[in-house]
Amino acid sequence: MLRIAIVGGGLSGLALAHAIGRAAPGLRDRLVVLERDRIPGGHLRTERIDGFLCEAGPGGLLDSSAATLELIDQLGLTARITPASDVARRRYLLIHGALHLVPTSPPALLRSPLLSAAGKLRLLAEPLVPRGGSDDETIHAFVARRFGRQAADLLAGPFATGVFAGDARQLSMRACFPAISELEARHGSLIRALMARRHAGSAGSARRSPGRQFSFREGLGELAMALTATLGSTLRTGARVETIERREDGWGVRLASGESLHAAAVVLACGARRTAALLYEIDAALAHDIAGIAEPPVAVVCLGYETSAVGRPLDGYGFLVASGERVGILGALWDSTIYPGRAPDGHVLLRVMIGGQSDPEAAALPDAALVQRAHEALATVMPVTRPAVLARVYRHMPGIPQYAPGHLARVARIADRLTRHPGLFLAGNAYRGVSMPSCIEDAAALAPQVAADAAARCAAAQYVSPNP
């Protein structure tokens, strides 16, 4: 039987299968999602341990994504939404060994002691800086050009770390934050763009909100569980794909178990490295381009403490570590402050990120070493005076894809090569956005294409009607 085979049961694969089922109900019984792990959801995993709610991966979603809110409504999860607390809008930066409140606007940055007088004057000159040219700048280069090197050294690194666990000097601004690049292209100045938005808001014109973060009562794992429930037997766990191959009338998918599936369409919704490995025998040039997308590993360490063991108020979202600070971690989230119910009474829950582009080997350290590193960093910064009463380690190997300069050209080449392989599609966070909303939006856009392609192929093979 011809199928639509989706390789990878993370958020992208699950959301895509759900979207295809809604776009083409007649193809639902021909869908199969092949997930190599026993637990689907990829980075979306939440555990309740001794009263602590531990997230293995992302901490929340933004309510500014229409596709995300629509999916949540379809899954019946809207009533379970838990907004982030107002105090979580406060974020800190570890610089020179101390925590400093991150300025959230140019005026706040001007009042901040983090910039020198010369740095503040350079910041004020931003409206006079010409638009950028055609160069694919790094995040650091972009911020330095617009706001000055001091502001770039201070803020660009944590900016990249917070989203990509990456290095601002090695990531493309246009690929990583296209909306900001578009603001410069449209207004010529980011400060002028902010002023224009505020003026539009005060005049009553519609403007897009930056969004508020939210999760669910029992964490983001609820999203993965709800998607899994809707798919039923469509989802197969413990199903590792060994090879895919072109066939005259479609694609062959061979599993590690020895089983072989015949598919009208194949969607590779796994990581870049895994995708490349599956494609080398089919198209070496395509595989080489995909393999060039780095995915440095990240470890997440959840630590639960007695409240009295933490020597400062947890009055914010958490902190990121500025470039040059040698504490061995990327940052920490104060989860029990961000959302209610994340820790039992008299306790707090913190999550520490380790590894990423700047220290990829660290994510492979033994659990005990990662817990020790995380605790020692917190004890130095906050401080923390007693050991954690709960410790849990999660590893993401591969981790977050890194959109280096040239990424947009790389994605264009990948799209061009795919036209040579009808019935083959790519999904996931390696190409068009690493955030969860980006993956959901990408799945919603891709689903009609996959459904139409597969329906036509099945119809040509006299299996189903092209208009199910």
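Preceding this paragraph is the structure being described.
A quick note: this is a predicted structure, and the numbers were derived from the prediction, not measured.

J.: Help me get a handle on the packing of helix α5 (residues 139–147) against helix α6 (residues 149–164), residues and values and all.
T.: It is the contact of α5 with α6, at a shortest axis distance of 8 Å, that shows an interaxial angle of 145°. Note on packing geometry: the crossing formed by α5 with α6 is right-handed. Here Ile139, His140, Val143, Ala144 and Phe147 of α5 come into contact with α6, specifically with Arg149, Ala151, Ala152, Asp153, Ala156, Phe159 and Ala160. The residue inventory of the contact of α5 with α6, partitioned by class, reads nine nonpolar, one polar and two charged.

J.: Tell me what's going on with the state of the cysteines, and back it up with residues and numbers.
T.: Per the stated rule, a full pass over the model turns up zero disulfides. Of all cysteine sulfurs, the one in Cys302 lies closest to Cys54, which takes part in no disulfide; the gap is 4.0 Å. Among the residues examined, Cys54 registers a relative accessible area of 0% and is labelled buried. Among the cysteines around Cys270, which has no disulfide bond, Cys439 carries the closest sulfur, lying 13 Å off. The exposure class assigned to Cys270 is buried, which follows from its relative accessible area of 16%.

J.: Describe the side chain of His18, and please don't skip the residues or the numbers.
T.: Secondary-structure assignment places His18 in helix α1 (residues 11–23). On the basis of relative accessibility, which here comes to 10%, the residue His18 falls in the buried class. There is a polar contact of 2.9 Å between the side chain of His18 and the side chain of Gln74. With residues up to four places along the chain from it excluded, the contact list for His18 reads Leu71, Gln74, Leu75, Leu227, Thr230 and Leu231.

J.: Could you give an account of the pattern of salt bridges, with specific residues and numbers?
T.: For the coordinates displayed, the defined rule picks out 24 salt bridges. Here Asp315 makes a salt bridge to Arg312, at a shortest N to O gap of 2.9 Å. Residue classification places Asp315 among the partly exposed positions, given a relative accessible area of 22%. Taking the shortest distance from any N to any O, the salt bridge between Arg351 and Asp335 comes out at 2.8 Å. Remark: Asp335 occurs in helix α13 (residues 335–338) and Arg351 occurs in strand β17 (residues 347–355); sequence separation between them is 16 residues. The pair formed by Arg351 and Asp335 is uniform in burial state, with each residue classed as buried. Sharing partners across several salt bridges, the network here consists of Glu126, Glu137, Arg145, Arg146 and Glu184.

J.: Give a detailed account of the sheet that holds strand β6 (residues 81–83), specifying residues and quantitative values.
T.: As summarised here, the arrangement of the three strands in space is β5-β9-β6, forming an open sheet in which the pairing is antiparallel. Two strands close off the open sheet at either side, each with one partner strand: β5 (61–62) and β6. Alignment of β6 against strand β9 (residues 213–216), held across three bridges, turns out to be antiparallel. Directly across from Pro83, in β9, lies its bridge partner Phe214. Sheet contacts for helix α2 (residues 66–74): β5, β6 and β9; angle to β9, the most-contacted strand, approximately 20°.

Calculation criteria
- Residues numbered from 1 in each chain as written.
- Predicted model: local features only at pLDDT ≥ 70, side-chain atom pairs only at ≥ 80, totals over all residues.
- Heavy atoms only, no water.
- Axes fitted to C-alpha atoms, helices over the stretch in contact; angles between N-to-C directions.
- Helix = DSSP H or I, 4+ residues; strand = E, 2+ residues; numbered from the N terminus.
- Left-handed = near helix turned anticlockwise from the far one by under 90°.
- Contact = heavy atoms within 4.5 Å.
- Nonpolar A, V, L, I, M, F, W, Y, C, P; charged D, E, K, R; others polar.
- Disulfide = S-S within 2.5 Å.
- Buried < 20%, exposed > 50% of the residue type's maximum accessible area, 1.4 Å probe, protein only.
- Polar contact = N/O pair within 3.5 Å; in protein donor to acceptor, adjacent residues only side chain to side chain.
- Salt bridge = Lys/Arg side-chain N within 4 Å of Asp/Glu carboxyl O.
- Pairing = 2+ DSSP bridges.

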